[in-house]
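# Examination of the molecular architecture
These are the residues of each chain, in order.
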Amino acid sequence: MSTEEHTPTAASPGGAPRSLAEALRGRDDRSLAALLRARPDLITPVPTDLTQLATRAGTRASVVRALERLDCFALQTAQALAVAPDPASYDELASLMAGDQADPAVTTALPHALGTLRDQALVWGPESRLRLVRTARELLAPAPQHPSATGLGPTVAEATSGMSPGRVQEIVAATGLPSTHDSVSAVTSLTALFTDRRRMAALLASAPAESLDVLTRLIWGPPYGQVTAHPAPHLRWLLDRGLLLPTAPGTVVIPREVALHLRGGRAHREVQSVPPPLEASAAHRPQVVDATAAGQAYTALATVEELLKDWDEGGPAVLRAGGLSVRDLKRTAVALDLPEPTAAFWVELAYAAGLLASDGEADERYAATPAYDEWLELPAAERWARLATAWLTATRTAGVIGERDAKDRTLSALGPGLDRSAAPEVRHRVLTLLAGLPEGTSATPDSVLARLHWERPTRGGRQPQQTSQPPSPPPSAQPRLPGDLRARIARWTLSEAESLGVTGRGALSSHGRALLGLPHEAAPPAGLPETPGDKLPAHHVPLPPHPTPSPDPVAEQAAAASRAARLLAPLLPEPLDHVLLQADLTAVAPGPLQRPLADMLGVVADVESKGGATVYRFTPGSVRRALDAGQTASDLHDFLTAHSRTPVPQPLAYLIDDVARRHGHLRIGAASAYVRCDDDAMLSEILADKRSQGLGLRRLAPTVLAAQTDPAALLDGLRAMGYAPAAESAEGDVLITRAHARRTPPRTAPEPVPDGPPAPDDTLLGAAIRAIRAGDLASTAPRRTPGGPAPAGGLPRTGSAETLATMQAAVLTGEALWIGYVNAEGSASQRVIAPVRVEGGFVTAYDHTADEVRTYPLHRITGVAELADDAT
């Protein structure tokens, strides 16, 4: 780490800062707040002063994270500074970015990109002396171990650092330059030649054609090549003149200055100064988009309800390592009539919304939570808003289910290892990009991925490298890397948003727009023609380094969800209070049913098919299920009559009456089990039936049979034989068996895994900046000691008597003092205080560092010194 970037120094005579710390001291509070908001890792914990802030801003982990959040053009600007002289002027940077032809689009966009690098403390210094933070230069500068994205190699000085002086003089002589007395001046002379456009053009004009072909293959990188021990004449011509320099036995490199001359001064082959536009794939009327999305939203609610209803009696078992087994996921997919990846998405969504969890029992299983019952009581639009909000903010990513983790273990649904911290940002950004298109317009997935890649070129994938192949198409036409996690999440987002009803026909719906907290208004058309200097359209605005936090993000998200629910509610179908009974023992629900009707119909009939209209079928088993739940035949007749728009068909009435007539004629109790019936002929018939032999029946009385099996197995056995027995209690009453809904204990939804430190709010930023300013004052204020001014950074050292006397004098004069203080944990710090009272071994003072009144034990103060007169 560079010492000059962080050591407090006085400003240079011209007023230019000499270090990053000094550059930060020149910023106002608003600029510091923007830095801490863009790089929240710098504020955890709060730095003691600006020197520590500058040191932290130059650490490798922090710089890597800051570089990852740069857009393509800002990153290319930083890469150009990494290959420029240190320090570099703005004109040198502009030449590297725009080339000799001075591309006007690049020239126009460069000040904003440089401003972004300054704001994030990656670049400091005036325009005449721009410095890239040393750690960033080390990460981005060309090196054999990690080639630069620019495709450039080392400079002449770097490539000749290990070369013998005699060989350097031979190269100087071969190029026609006068010999020098030392290697340093020789390398300087050679560098001046390679950077002089006119002289360099004259040198290359005398080169053989084969030599120029070699240089052409190397200029865009990789800059390294292989040569034999006895190179061909055209290679020897290049080696003799330093146009190729050896770096290792058999390896040569084209110097950076030579490559830049052949490139026309450009550091990059393709400069992406503006983001690629979104390409519209189709346009629909907004009403059609909203209606389609509303239909998908209703289907989403029905799918989640069906999933959890299927697990009412207790869902699948939890694997020992956590999660859902592959077999159980397949069974769930079959029950929902969905592909396995889609079923995994709905399972994960229910879990993220807090509607599903493990029960925590010894034989641990998944089941619905109590929050599911509360969710069911909400209006349909509010239920959807809760699901959509959970999806938008969740870090658990269903798309990675089935892949393998770092330990080669398969990732399972509801299991560990599914969190991807970038998922919420990518989902939000994809939907925001769709919101930038005209209402009702969908975008091509490839253009969405190209835009995301421009905004975060190094996040989730490899940094793009230049090659020596022919010019590649622009990033918008390049396929995404298989390992590019952001691109994969973006594709999943487009699919999941459609399934959830956030989008319809690929376009963002009005309630989807409200879910993002965006106003419901048309955006400017995509693909407007641009000229240099024009303001970019709304959908071309790059993603900011870090979104500005709202005063209360939770309340803001809740308000957005409420507004989305209000927009969606009129689009959802109204629940119906009737069905259509048919003579084939089926009932057709022409739309969604009211919950009491749907629940009762689910007991008395079985679902045969789903879709726009749900078909229920009545069977003896389903009618018996209703009777077991406490209904009577007359109750069922009344229910069907009240809720059918058609007369109750005679076959259905006969079915109900027939099952009810036989229901409970036999009674099952506990002996181990017994069968009781007033009709002894029926009991004789059962005993004579060969199918009853496995039940171990024997007659105890003319109307009672005893069994060797338990009552539940006896019930199932007799029902399999075609009878309709009913269970009874010890008192002889019929037991009513209602559907049992298993619930877990109260559970909270899984917390999203943050993508780094959270963005600080305005209150924290204000307090942190005050503390940093005060600490900086304490560390940099001039001090006055008996031996003269004390150097900054050392703690004052005085005896107890002198410390007490100085404190008492400061109370009378009201002067501020500089003290060293060691707290109870042994941590030493320096502070600037204004003593108010000294008594009982304590000093009460206004602490400028903490900006509050504090009391300090005198025995913990290492020493005290007066501030110099010019400190105030």
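Below, the structure is looked at part by part. Here, residues in each chain are numbered from 1, in the same order as that chain's written sequence. Whole-chain, interface and lining totals are the exception, using all residues; otherwise, since this is a predicted model, local features are given only for residues with pLDDT of at least 70 and side-chain atom pairs are given and counted only at 80 or more. The basis for every side-chain value is the complete set of heavy atoms in the structure, and neither hydrogens nor water enter the calculation.

A pair of Phe, Tyr and Trp rings is counted when the ring centres sit within 6.5 Å of each other, with Trp represented by its six-membered ring. The angle between the planes then sorts it: under 30 degrees is stacked, over 60 is edge-to-face, the rest tilted. Enumeration over the complete set of coordinates arrives at four aromatic pairs. Considering the side-chain rings of Tyr821 and Tyr856, the 4.8 Å spacing of their centres and the 65° angle between planes classify their relative orientation as edge-to-face. Taken together, the residues span a long stretch of sequence, with Tyr821 in strand β22 (residues 817-822) and Tyr856 in strand β25 (residues 852-857) at a distance of 35 residues. The residues Tyr821 and Tyr856 share a single accessibility class, namely buried. Whether a charge lies above a ring is judged from NZ of Lys or CZ of Arg, which has to be within 6 Å of the ring centre and within 35 degrees of the ring normal. The side chain of Arg383 reaches across the aromatic face of Trp375, ending 5.4 Å from its centre. Runs of E in the DSSP output that reach at least two residues are strands. Runs of H or I that reach at least four are helices, and both are numbered from the N terminus. Only protein chains enter the area calculation, which uses a 1.4 Å probe; residues under 20% of their type maximum are buried, those over 50% are exposed, and those in between are partly exposed.

What follows deals with unusual backbone geometry. Note that the residue after Thr44, namely Pro45, is joined by a cis bond; omega there is -10°. In this structure, Pro222 follows Gly221 across a cis peptide bond, with omega equal to -10°. For Pro222, the location among the structural elements is in the loop between α13 (209-218) and β3 (224-226). Located in the positive-phi region is Asp337, a residue other than glycine, with phi close to 60°. Its location among the elements puts Asp337 in the loop between α17 (326-336) and α18 (340-352). Using a relative accessible area of 67% as the deciding quantity, one classes Asp337 as exposed. At Arg505, a residue that is not glycine, the phi angle is positive and equals roughly 55°. For Arg505, the position within the fold is in the loop between β10 (503-504) and β11 (507-508).

What follows is about the nonpolar core. Residue types Ala, Val, Leu, Ile, Met, Phe, Trp, Tyr and Cys, when buried and joined through side-chain atoms within 4.5 Å, form a set referred to as a nonpolar core. In terms of nonpolar packing, the biggest core is built from 93 residues, with Phe73, Leu81, Phe194, Leu243 and Leu244 touching the most fellow members. The dominant element in this core, judged by the number of residues it contributes, is helix α5 (residues 72-83), at nine residues. Counting residues in each nonpolar core, the second largest holds 73 residues, with Leu307, Leu329, Ala388 and Leu418 among its members.

Following both chains from N to C, one finds helix α20 (residues 380-393) and helix α25 (residues 553-568) inclined at 135°, their axes separated by 8 Å at the closest point. Classified by the interaxial angle, the pair formed by α20 and α25 is oblique. The crossing of α20 and α25 is right-handed. On the side of α20, the interface is formed by Ala381, Glu382, Trp384, Ala385 and Thr389, while α25 contributes Gln557, Ala561, Ala564, Ala565 and Leu568. Throughout, an axis means a line fitted to C-alpha atoms (over the contacting stretch in the case of helices), and angles, computed between N-to-C directions, take values from 0 to 180 degrees. Put simply, angles under 35 degrees are roughly parallel, angles over 145 are roughly antiparallel, angles from 65 to 115 are roughly perpendicular, and the rest are oblique. Crossing handedness: left-handed means the near helix sits turned counterclockwise from the far one by under a right angle, and right-handed means the same turn made clockwise. The contact rule is simple, with two residues in contact once any of their heavy atoms fall within 4.5 Å.

Below, the discussion takes up the pattern of salt bridges. Salt bridges are defined by distance alone: a side-chain nitrogen of Lys or Arg within 4 Å of a carboxyl oxygen of Asp or Glu. This structure, assessed with the given rule, holds 30 salt bridges. Of the charged contacts, one joins Asp86 and Arg131 as a salt bridge, the two residues approaching to 3.5 Å between their closest N and O atoms. Residue Asp86 is located in the loop between α5 and α6 (90-98), and its partner Arg131 is located in strand β2 (residues 131-132); the two are separated by 45 residues in the primary sequence. Judged by relative accessible area, Asp86 falls into the partly exposed class, the value being 33%. The salt bridge partner of Arg662 is Asp658, with a shortest N-O separation of 3.7 Å. A residue pair is termed a helical-turn pair when its members lie 3 or 4 positions apart in one helix, as Arg662 and Asp658 do in helix α29 (residues 650-662) at four residues. Look at Asp658 and you get partly exposed, because its relative accessible area is 30%. Connected via shared salt-bridge partners are Arg69, Glu425, Arg456 and Arg486.

So, about the sheet that holds strand β15 (residues 614-617). If you walk across this open sheet you meet the four strands as β12-β13-β15-β14, and the pairing is antiparallel. Bordering the open sheet on either side are β12 (580-582) and β14 (606-609), each of which pairs with just one other strand. Within this sheet the neighbouring strands show an average axis-to-axis angle of 30°, counted without direction. Here β14 runs beside β15; their pairing, made up of three bridges, is antiparallel. Its bridge partner being in β15, Val607 is matched across the sheet by Tyr616. The pairing criterion is simple: DSSP has to find at least two bridges between the two strands.

These results come straight from atomic positions and should not be treated as a statement about function.
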